[in-house]
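Notes for the structure review
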Amino acid sequence: MPELKQLQAGHAPAVLAFELANRAYFAASVSDRGDEFYERYAERHNALLAEQEAGVCAFYLLVAEDGSVVGRFNLYDLEDGTAELGYRVAQHVAGRGVATAAVRELCRLAVARHGLHTLRAATATVNVASQKVLTKAGFVPVGPADPADIGGKPGTWYQRDLAVDLVVGQ
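As a further point, take the pattern of salt bridges. In total, this model carries eight salt bridges according to the counting rule given. Note that Arg 72 is salt-bridged to Glu 19, the shortest N-O span being 2.7 Å. Highlighted residues: Arg 72 in strand E3 (residues 69–79) and Glu 19 in helix H1 (residues 12–21), separated in sequence by 53 residues. Like Arg 72, the residue Glu 19 is buried in the burial classification. Among the salt bridges present, the one from Arg 23 reaches Asp 35, with a minimum N-O distance of 2.9 Å. Here Arg 23 is found in helix H2 (residues 23–27), whereas its partner Asp 35 is found in helix H3 (residues 35–39), with twelve residues between them in sequence. Three or more residues are tied together by salt bridges with common partners; here these are Glu 19, Arg 33, Arg 72 and Arg 88.

Here it is in C-alpha cells:
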C-alpha cells in the first residue's frame, strides 16, 4: 500500500519521473505545465522545499513500496487555519480509491501537523474523477471557481470543515 510522505530534498528525481511519465494524462484534465517546468525541475523542487520550510505550504508524496511516486498531495497558502488542496495521481493507480484514501489521510494530517480547520479545493467541471474524490473525502461544493484558479477551465470550489473531525473523531 502506498504511503503518504512529506516532500524532502531526495525526492526530486522520483517526483520528476512521476511528472514526466504522467504528463499527457494530466494535461487531459488540467493545463500542461510547459517544458520549462520539467527542464528546470530541480530549481522548482528547491523552491517548494523553501515554501514548506517557511510554513506557507506543505507538500506530500504518495510513495509506492518500490520508492516510486504515484501521487502528489499539496496544501497551499496555509493561513489562519485554512489551506487549498491540490493533488494528482499516476494514471496506473487512478480509479482504485488511492486518491480518496490519500486525501482523507491528508485531511487528518492537516489537523494534526498543521493545525488547519478548513480545506478548499477547486476542480474543473470536466474532471469528474476529481469531483468524486473530493465528495468521497467529505468535501462539499461551495461555489463556482474562477477559470484562472484551475488552468483556464470552468469549475467548482469544494470545501471541508476539518473542525468537525476533531469533534467526531474522524
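Still to come is the rest of the account.
Tracing the backbone shows Gln 52 in helix H4 (residues 41–54). Note on Gln 52: relative accessible area 15%, which makes it buried. At a separation of 3.0 Å, a polar atom in the side chain of Gln 52 contacts the main-chain carbonyl oxygen of Leu 7. Those residues within four positions of Gln 52 in sequence are excluded, and the remaining contacts are Gln 6, Leu 7, Cys 57, Ala 58 and Phe 59.

Tracing the backbone through its elements, the reader meets Thr 123 in strand E5 (residues 118–124). When the C-alpha atoms of Thr 123 and Lys 153 are compared, they prove to be 8.9 Å apart, with 30 residues separating the residues in sequence. When near neighbours in sequence (up to four residues on either side) are disregarded, Thr 123 contacts Ser 130, Gln 131, Leu 134, Ile 150, Gly 155, Thr 156 and Tyr 158. Engagement of the side chain of Thr 123 in a polar contact is seen with the side chain of Ser 130, the distance being 3.3 Å.

Rules and cut-offs
Residues numbered from 1 in each chain as written. Predicted model: local features only at pLDDT ≥ 70, side-chain atom pairs only at ≥ 80, totals over all residues. Heavy atoms only, no water. Salt bridge = Lys/Arg side-chain N within 4 Å of Asp/Glu carboxyl O. Helix = DSSP H or I, 4+ residues; strand = E, 2+ residues; numbered from the N terminus. Buried < 20%, exposed > 50% of the residue type's maximum accessible area, 1.4 Å probe, protein only. Polar contact = N/O pair within 3.5 Å; in protein donor to acceptor, adjacent residues only side chain to side chain. Contact = heavy atoms within 4.5 Å.

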